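Fold and contact review
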Amino acid sequence: MATDFYEALGVARNASADDIKKAYRKQALKYHPDRNPGDHAAEDKFKEVSQAYEVLRDGEKRQMYDQVGHDAFMRAGRGAQNGQGGFGGDPFDILSQVFGMDDLFGGRRRGGGRSASRPGSDLRYQMVLDFEEAVFGTEKEIEFDKPDHCDVCKGQGTEPGTSRRTCPTCGGSGMISLSQGFFNLRQECSSCSGTGEIVEKPCRNCQGQGRVRKHTKLRIRVPAGVDTGMQRRVSGEGEAGARGGPNGDLYIAFNVREHDVFKREGTDVMIDVPIDFPTAALGGVIEVPTLHGPEELKIPAGTQSGSVFHLRGKGIPSVHRGERQGDQHVRVVVEVPRNLNREQKEKLREFAECCNNSSVNPLMESFLDKVKNLFKSSDQKN
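Read on for an overview of the structure. (Residues numbered from 1 in each chain as written. Predicted model: local features only at pLDDT ≥ 70, side-chain atom pairs only at ≥ 80, totals over all residues. Heavy atoms only, no water.)

Now for helix H2 (residues 17-31). Structurally, the α-helix is built with 3.6 residues per turn, so residues lying three or four positions apart point the same way. Taking 1.5 Å per residue, 15 residues should reach 21 Å; H2 reaches 21 Å between its end C-alpha atoms and fits that length. Turning to H2, its buried residues are Ile20, Ala23, Tyr24, Gln27, Ala28 and Tyr31. Seen from one end, H2 has its buried residues packed into an arc of 130°, which puts them on one side. Across H2 from its buried face, at more than 90 degrees, point the exposed residues Lys22, Lys26 and Lys30. (Helix = DSSP H or I, 4+ residues; strand = E, 2+ residues; numbered from the N terminus. Expected span 1.5 Å × (residues − 1). Buried < 20%, exposed > 50% of the residue type's maximum accessible area, 1.4 Å probe, protein only. Arc of directions from axis to C-beta.)

Within the chain, lysine 154 stands out as a residue other than glycine whose phi angle is a positive 60°. A positive phi angle is found at glutamine 207, which is not glycine, with a value near 55°. With respect to the secondary-structure elements, glutamine 207 resides in the loop between strand E6 (197-199) and strand E7 (211-222). Taking relative accessible area as the criterion, glutamine 207 reaches 57% and is therefore assigned exposed.

This brings us to helix H3 (residues 40-56). Taking 1.5 Å per residue as the helical rise, H3 with its 17 residues ought to reach 24 Å, and the 24 Å between its terminal C-alpha atoms agrees with that figure. Along H3, 12 of the 17 residues are buried, which leaves the element largely enclosed by surrounding structure. N-capping of H3 is provided by aspartate 39, with a side-chain oxygen placed 3.1 Å from the backbone N of alanine 41. (Polar contact = N/O pair within 3.5 Å; in protein donor to acceptor, adjacent residues only side chain to side chain.)

This paragraph deals with the side chain of aspartate 249. Considering the arrangement of structural elements, one finds aspartate 249 in the loop between strand E8 (231-234) and strand E9 (250-256). If sequence neighbours within four positions are ignored, aspartate 249 has contacts with Ser121, Asp122, Leu123, Arg233, Val234, Ser235, Gly236, Glu237 and Gly238. (Contact = heavy atoms within 4.5 Å.)

Glancing now at the sheet that holds strand E11 (residues 268-276). The strand order E10-E11-E15-E14 describes an open sheet built from four strands, whose pairing is mixed. Of all strands in the sheet, those bounded by a partner on one side alone are strand E10 (263-265) and strand E14 (308-311). Geometrically, the sheet is characterised by an average inter-axis angle of 30° between neighbouring strands, direction not taken into account. One ladder, built from three bridges, connects E10 with E11; its direction is antiparallel. Residue pairing in the sheet places lysine 263 in a bridge with methionine 270 of E11. (Pairing = 2+ DSSP bridges. Axes fitted to C-alpha atoms, helices over the stretch in contact; angles between N-to-C directions.)

We now examine the pattern of salt bridges. On inspection of all chains with the given rule, the structure shows 20 salt bridges. When the shortest N-O distance is used, the salt bridge between arginine 13 and aspartate 4 registers 2.9 Å. On the basis of relative accessible area, arginine 13 is assigned to the partly exposed category, the value being 46%. Judged by its relative accessible area of 16%, aspartate 4 falls in the buried class. In this structure, arginine 349 and glutamate 346 form a salt bridge, with 3.8 Å as the shortest nitrogen-oxygen distance. (Salt bridge = Lys/Arg side-chain N within 4 Å of Asp/Glu carboxyl O.)

This part covers the sheet that holds E9. As summarised here, the arrangement of the three strands in space is E1-E9-E8, forming an open sheet in which the pairing is mixed. Strands with a single pairing partner mark the edges of an open sheet, and in this sheet they are strand E1 (123-129) and E8. Neighbour-to-neighbour, the strand axes of this sheet turn through a mean angle of 25°, independent of strand direction. Bridging between E8 and E9 involves four bridges; their strand directions are antiparallel. By the bridge assignment, arginine 232 is partnered in E9 with isoleucine 252.

The next point concerns the packing of H3 against helix H4 (residues 59-68). Where H3 contacts H4, the two axes come as close as 6 Å, and the packing angle between them is 105°. Comparing the axis directions of H3 and H4 gives the class roughly perpendicular. The residues of H4 that touch H3, namely those facing Glu54, Val55 and Leu56, are Lys61, Arg62 and Tyr65. When its residues are assigned to classes, the contact of H3 with H4 shows three nonpolar, no polar and three charged. (Parallel < 35°, antiparallel > 145°, perpendicular 65-115°, else oblique. Nonpolar A, V, L, I, M, F, W, Y, C, P; charged D, E, K, R; others polar.)

For the rest of this paragraph, the subject is the packing of aromatic side chains. We describe a pair of aromatic rings using the distance from one ring centre to the other and the angle between the two ring planes. Enumeration according to the criterion identifies five aromatic pairs in this entry. Consider the rings of phenylalanine 5 and tyrosine 65, whose centres lie 4.7 Å apart with planes at 15°: the pair is stacked. On the criterion of sequence distance, the pair formed by phenylalanine 5 in helix H1 (residues 5-9) and tyrosine 65 in helix H4 is long-range, its members being 60 residues apart. Comparing phenylalanine 5 with tyrosine 65 shows no difference in burial state: the two are buried. For the ring pair phenylalanine 277 and phenylalanine 351, a centre distance of 6.0 Å and an interplane angle of 80° mean the geometry is edge-to-face. Taken together, the positions of phenylalanine 277 in helix H8 (residues 277-282) and phenylalanine 351 in helix H9 (residues 342-354) put the pair 74 residues apart, joining distant regions of the chain. When its relative accessible area of 40% is taken as the criterion, phenylalanine 277 is described as partly exposed. For phenylalanine 351, a relative accessible area of 40% puts it in the partly exposed group. Three or more aromatic residues joined by ring pairs make a cluster, and in this case those are Phe5, Tyr6 and Tyr65. (Phe/Tyr/Trp six-rings, centres within 6.5 Å; stacked < 30°, edge-to-face > 60°.)

Taken together, the side chains of Phe277, Leu348 and Phe351 define a hydrophobic patch exposed on the protein surface, amounting to about 280 Å² of accessible area. Structurally, leucine 348 is set in helix H9. (Patch = residues over 30% accessible without salt bridge, like charges linked within 9 Å, V, L, I, M, F, W, Y side chains within 5 Å. Areas by Shrake-Rupley, 256 points an atom, 1.4 Å probe, with all protein chains shown as cover.)

So, on to the pairing of strand E13 (residues 295-299). With five bridges connecting them, strand E12 (residues 284-288) and E13 associate as antiparallel partners. Residue glutamate 287 lies in a different strand from E13, and its bridge partner there is glutamate 296. Taking the residues that link successive antiparallel strands as the turn, the E12-E13 hairpin has six residues, and the phi of glycine 293 there is positive, at about 115°.

That's the geometry; what it means functionally is another story.
Here you go:
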């Protein structure tokens, strides 16, 4: 960092005010952060030349600087500013004053008034849906309150037929300078609250705010296939912007209730269907519910509890174009009979005696063989 403000700007000590301004313009454009993204050295240099120009452009500050020298001047500045070192305002604010514009490279408004219109804030609405509404889509009406443009002043905050005028205190910048010796402090203008404009006759309907709270009703189309966590953007239905600015957007966040029968897994659905023991053993055809109506499902003989069957295309449509509809997965649960009477128990015992062989119960026989081998191996080790 340069140890002399003249050196920082690259001008002689007897340079004219015009020469100092030209030198600053050249240096500020060269080291501006928007032209050197991520370059911290360039950013420091930009702040340095802005500080140098802030001092040397002012006759009183420049005279003091020439008299006491750079080091003494900087020490005095740091002491008076409680460690902030501030001999001028925001470097972007200084640059805007030199070039006569608020935004040199786009989007970087530093200091100055806030009189320009600004877009409104976005809103978020939680919509609760039944399972079927989310699967097949629906249309629902929602109601909510939000700040909206005043119908009388059209968002401008002034009585019809009147307009705003530039604040005479700050000249429209929204900021005022307070001089304390050779220090220059900037703060928000109290006359216009930093807007840079004065409203002589505020709108009676909105008290000069430009916005009023309104009750809003909207019909929202819910596309088929939405799920919890998804959201839909409704453009322009958020809060009204300040000073007639555009509305923000409304985001509809979906929350889908769980179903008593169907469990969702993406675009697929899972369902547990109980079947009796004879159907599992002998096979048969059962009727299962789907989201699209009842379907017949063939159960092969010897089906085990927990077996899963698939019904292609009987799931949930995708909200994304080009993706196929999901499937339904049917998991059968073999139900064990309970509360048997004496006759039923006797016949079940007779049945069990007839089925006591490996060909009928292969899983049981295989498990028992593994257990025998386990104990046999344990005995051999001992």
